[in-house]
Amino acid sequence: MSVCVLGGVNLDHVAQVAELPRPGETVASRSLAQFPGGKGANQAVAAARLGAKVRLLGAVGQDGAGGVMLNFLGGAGVDVAGVRREADASTGQAFITVDDAARNMIVVAAGANALYGAEAASAADLGGAGVILTQFEATLAAIETIFTRPEAAGALKILNTAPALSDGAPLLALADILILNETELASFAGLDAEPADPEAAIAAARSLARPGQAVLATLGAAGAVAVRGDEVFRVAGLRQQAVDTTGAGDCFCGALAAGLDRGMTLPAAMAFANAAAALSVTRAGAAASMPLAAEVEALLASA
């Protein structure tokens, strides 16, 4: 089996600050660094480092940043044959500010990512994947095309609803598993505020779930919950000293895909993904912070 990831490929520019700026405020950065990123790239690296055979579908520009990203992804064990190089756009860029509490603010310039549409998705080799994972950094046309291709009929289809695009709501029904954070859950469930506790998150997830579909909500330090039919699954948070939370949600998604591809049950894959995400926040960067399977298994054994 294998995992096919469709999604964004970006070069991240990360500035460290004491406190996040308020609107109109200028703050000084202590440091500025570049890291590989993009939700598709992050999720693909997470799954690959955790032992899955991973193929990435997406696009970068014919520029230096594109070369950096392809070299990094290949070195991480990701098959990048499905990543197109676009002559008419630059590689996607993300501008990230991280404060001393490990909170972040992110602005993304899609660049070449926006050119990967239905035509590219129709022609892409899915590599016989047993799990297909995507998120809303991919174009909506590409997501719909990939999920509805005949070759995807027997695959487990996972949609991470990040970022929360209202135009993406019709695609939620195409997925076997939805993964939402608290903000996205509130948005798609029509709540006035984020769920106040796991029970509220479970109720909101139930309101979104279609028959046969699992809806999983990540709750940060509080862990994660999921509903599937009459079943409810809960995973408690694993407290770690956070350095940078950028990419933690992507780590969870990639790890869940890797665990399910390995044959884990959904509750076991949730625990595995929760531990992987907990480790990822202890390191700077997004794709660069993804842990190895041995590290995740050690944390689970000690929990």
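Here the structure is shown first, and the text comes after it.
These figures come from a predicted structure and were not determined experimentally.

Undergrad: In this structure, what is going on with the packing of aromatic side chains? I would like to understand it.
TA: Two aromatic rings, taken as a pair, are described by how far apart their centres are and by the angle between their planes. Within this structure, the stated rule accounts for one aromatic pair. On the basis of an interplanar angle of 50 degrees and a centroid distance of 6.3 Å, the ring pair of F136 and F188 is categorised as tilted. Residue F136 is found in the loop between β9 (131-135) and α4 (140-148), and its partner F188 is found in helix α5 (residues 182-189); the two are separated by 52 residues along the sequence.

Undergrad: How should the sheet that holds strand β7 (residues 92-98) be read in this particular structure?
TA: Through backbone hydrogen bonds, the strands of a sheet pair up, either in parallel or in antiparallel fashion. If you walk across this open sheet you meet the four strands as β3-β2-β7-β8, and the pairing is mixed. Only two strands of the sheet have a single neighbouring strand rather than two, namely β3 (31-37) and β8 (104-109). Ignoring which end each strand starts from, the neighbouring axes of this sheet average 20 degrees apart. When β7 meets β8, the two strands line up antiparallel, connected through six bridges. Following the sheet pairing, A94 is matched in β8 by V108. Relative to strand β2 (residues 10-16), helix α2 (residues 64-75) is tilted by about 95 degrees, and along the sheet it contacts β2, β3 and β7.

Undergrad: Please explain the pattern of salt bridges as it appears in this structure.
TA: Side-chain pairing between opposite charges can occur once the charged atoms of the two side chains come close. Considering all chains together, one arrives at 12 salt bridges under this definition. Residues D100 and R30 are paired through a salt bridge, measuring 2.7 Å at the closest nitrogen-oxygen approach. You can see D100 sitting in the loop between β7 and β8 and its partner R30 sitting in the loop between β2 and β3, a full 70 residues away along the chain. The exposure class assigned to R30 is exposed, which follows from its relative accessible area of 53%. We note a salt bridge from R283 to E295, for which the minimum N-O separation is 2.6 Å. Note that R283 is positioned in the loop between α8 (266-280) and α9 (293-302) and E295 in helix α9, a separation of 12 residues in sequence. Taking relative accessible area as the criterion, R283 reaches 25% and is therefore assigned partly exposed.

Undergrad: Just checking my understanding: could you explain the environment of T183 for this structure?
TA: With respect to the helices and strands, T183 occurs in helix α5. In this structure, the C-alpha to C-alpha distance between T183 and V45, residues 138 residues apart in sequence, is 24 Å. Among the polar contacts made by the side chain of T183, one reaches the side chain of E194 at a distance of 2.6 Å.

The rules behind these values
Residues numbered from 1 in each chain as written. Predicted model: local features only at pLDDT ≥ 70, side-chain atom pairs only at ≥ 80, totals over all residues. Heavy atoms only, no water. Phe/Tyr/Trp six-rings, centres within 6.5 Å; stacked < 30°, edge-to-face > 60°. Helix = DSSP H or I, 4+ residues; strand = E, 2+ residues; numbered from the N terminus. Pairing = 2+ DSSP bridges. Axes fitted to C-alpha atoms, helices over the stretch in contact; angles between N-to-C directions. Contact = heavy atoms within 4.5 Å. Salt bridge = Lys/Arg side-chain N within 4 Å of Asp/Glu carboxyl O. Buried < 20%, exposed > 50% of the residue type's maximum accessible area, 1.4 Å probe, protein only. Polar contact = N/O pair within 3.5 Å; in protein donor to acceptor, adjacent residues only side chain to side chain.

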